[in-house]
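What follows is each chain in one-letter form.
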Amino acid sequence: MAPHDTGSAPTPPASAPSGTAPKAQAPKGGKAAKDAPPPLPAPLRVPVADSHTHLDMQQGTVDEALAKAASVGVTTVVQVGCDVAGSRWAAETAAAYEAVHAAVALHPNEAPRIVHGDPDGWSRQGAREPGGGAALDEALAAIDALAALPHVRGVGETGLDYFRTGADGMAAQERSFRAHIEIAKRHGKALVIHDREAHADVLRILREEGAPERTVFHCYSGDAAMAKECAAAGYFLSFAGNVTFKNARPLRDALAVAPAELLLVETDAPFLTPAPFRGRPNAPYLIPVTLRAMAEVKGVTEDTLATAVAANTARAFGY
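No experiment lies behind these values; they were computed from the predicted model shown.

(A) Examining the overall build of the protein chain more closely. Secondary structure summary: the protein chain contains 11 helices and eight strands in total. If you sum the accessible surface of the protein chain, you get close to 12,500 Å²; carbon and sulfur atoms cover 56% of it.

(B) Up close: the confidence of the model for the protein chain. Chain-level statistics for the protein chain give a pLDDT mean of 91 and a share of 89% at 70 or above. Strand E8 (residues 263-265) holds the highest mean pLDDT among the elements of the protein chain, 99, whereas helix H1 (residues 31-35) holds the lowest, 69.

(C) Representation of the sheet that holds strand E2 (residues 74-80) within the structure. Reading across the sheet, the eight strands line up as E1-E2-E3-E4-E5-E6-E7-E8 and stay open at both edges, with parallel pairing between neighbours. Single-partner strands in this sheet number two, and they are strand E1 (48-53) and E8. For this sheet the average axis-to-axis angle between neighbouring strands, irrespective of direction, equals 30 degrees. Sheet topology places strand E4 (residues 152-161) next to strand E5 (residues 190-196); six bridges connect them, and they run parallel. If you follow Thr 158 over to E5, its bridge partner there is Ile 193. Its contacts with the sheet put helix H7 (residues 199-209) on E4, E5 and strand E6 (215-217), and the angle it makes with E5 is roughly 155 degrees. Packing against the sheet, helix H11 (residues 302-317) makes contact with E1, E2, E4, E5, E6, strand E7 (236-239) and E8, and its axis sits at approximately 95 degrees to E8.

(D) Here's a closer look at helix H2 (residues 62-70). Within H2, burial applies to Val 62, Ala 65, Leu 66 and Ala 69. Buried residues of H2 fall within an arc of 95 degrees about the axis and therefore sit on the same side. Each element contacted by the buried residues of H2 is listed here: E2, helix H3 (84-96) and strand E3 (100-104).

(E) Main features of the packing of aromatic side chains. In the structure shown here, the tally under the stated rule is two aromatic pairs. Ring centres 5.5 Å apart and planes at 50 degrees place the aromatic pair Tyr 220 and Phe 239 in the tilted group. Taken as a pair, Tyr 220 in the loop between E6 and helix H8 (224-233) and Phe 239 in strand E7 lie far apart in primary sequence, 19 residues in all. Take Tyr 220: its relative accessible area is 2%, and that puts it in the buried class. Of note, Arg 196 hangs over the ring of Phe 163, and the distance from its end group to the ring centre comes to 3.5 Å. For the cation-ring pair, Arg 278 lies above Phe 245, with the distance from its terminal atom to the ring centre recorded as 3.7 Å.

(F) Focus on the nonpolar core. In terms of nonpolar packing, the biggest core is built from 81 residues, with Phe 177, Leu 206, Phe 217, Tyr 220 and Phe 239 touching the most fellow members. Tallying contributions element by element places helix H5 (residues 132-147) first for this core, with seven residues. Dropping the residues within four chain positions of it, Phe 239 is found in contact with Tyr 220, Leu 251, Ala 254, Leu 255, Leu 263, Leu 264, Val 265, Glu 266, Thr 290 and Met 294. Grouped together as the second largest cluster of nonpolar side chains are 11 residues, Ala 190, Val 192, Phe 236 and Leu 262 included.

(G) Summary view of the environment of Glu 174. With respect to the element layout, Glu 174 can be found in helix H6 (residues 170-187). Classification of Glu 174 as partly exposed rests on a relative accessible area of 23%. Linking Glu 174 and Val 202, residues 28 residues apart in sequence, is a C-alpha distance of 9.1 Å. Each residue touching Glu 174, except ones within four places of it in the same chain, is listed here: Leu 160, Arg 204 and Ile 205.

Cut-offs applied
- Residues numbered from 1 in each chain as written.
- Predicted model: local features only at pLDDT ≥ 70, side-chain atom pairs only at ≥ 80, totals over all residues.
- Heavy atoms only, no water.
- Helix = DSSP H or I, 4+ residues; strand = E, 2+ residues; numbered from the N terminus.
- Areas by Shrake-Rupley, 256 points an atom, 1.4 Å probe, with all protein chains shown as cover.
- pLDDT = per-residue confidence, 0-100.
- Pairing = 2+ DSSP bridges.
- Axes fitted to C-alpha atoms, helices over the stretch in contact; angles between N-to-C directions.
- Contact = heavy atoms within 4.5 Å.
- Buried < 20%, exposed > 50% of the residue type's maximum accessible area, 1.4 Å probe, protein only.
- Arc of directions from axis to C-beta.
- Phe/Tyr/Trp six-rings, centres within 6.5 Å; stacked < 30°, edge-to-face > 60°.
- Lys NZ or Arg CZ within 6 Å of the ring centre and 35° of its normal.
- Core = buried A, V, L, I, M, F, W, Y, C linked by side-chain atoms within 4.5 Å.

See the structure below:
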């Protein structure tokens, strides 16, 4: 989930389960244009996967989202859970749709809410009473059970987020992260990392616990030096639409040095819509916009990058 989002999923939708492409043009108009979905980009010639999305936070049905994505060459999505309810929905949706794989977890900001409560209800779930360590154990047990399902391909998004969680919640967050690492290793699933303003501690805990064989840094947010460190450890780096933002030079520098065999692409939809549509609703069908920007940074054709990304995503999530 995007570094700036609030965490847990709301109620999911009712329906469960050759040449250079033209440059995308920014919309003209006022608020209506900003709220409107961006237009379809030119289709990719090589199909790819959206390695991280939240269909339950997007408008429309799952069928509509998948059809729109497939029409531009995005033929697979990884639906990511952020709490127990959202993870159950992700698993159910993956079971119902061949094009969907699931990842299940407690978001890093979810663990402190479970332990300490959420009196203001800003997490989209309304106010919650403190549950303490027992409630966290219960939630982790539910994630563990979901992670055993064959159509669940990843454990995540988990990790550390020091932007939303202060010192009082860090112990619960770290305990949850370490538990997710163990769950991923025991079930042989990919680990999907959410890392916001916590690079050093995320890397340290991965070293201390021993990272799973397949570890993905979702919405990679580090610099080029960290990208080299991640690559040396064999971690996958997934880039989202924010790599296209004008102020994202450090991300593009990281992308430039990241090995092609470890690159993934994602939307993190409905967040992080790529330029020139920043601020408008994001969805898996916008993957081609980000992938083309990534190919330009890497100095390769979009077909070359798409071929690598498609193989990398299948390898990362074991499908």
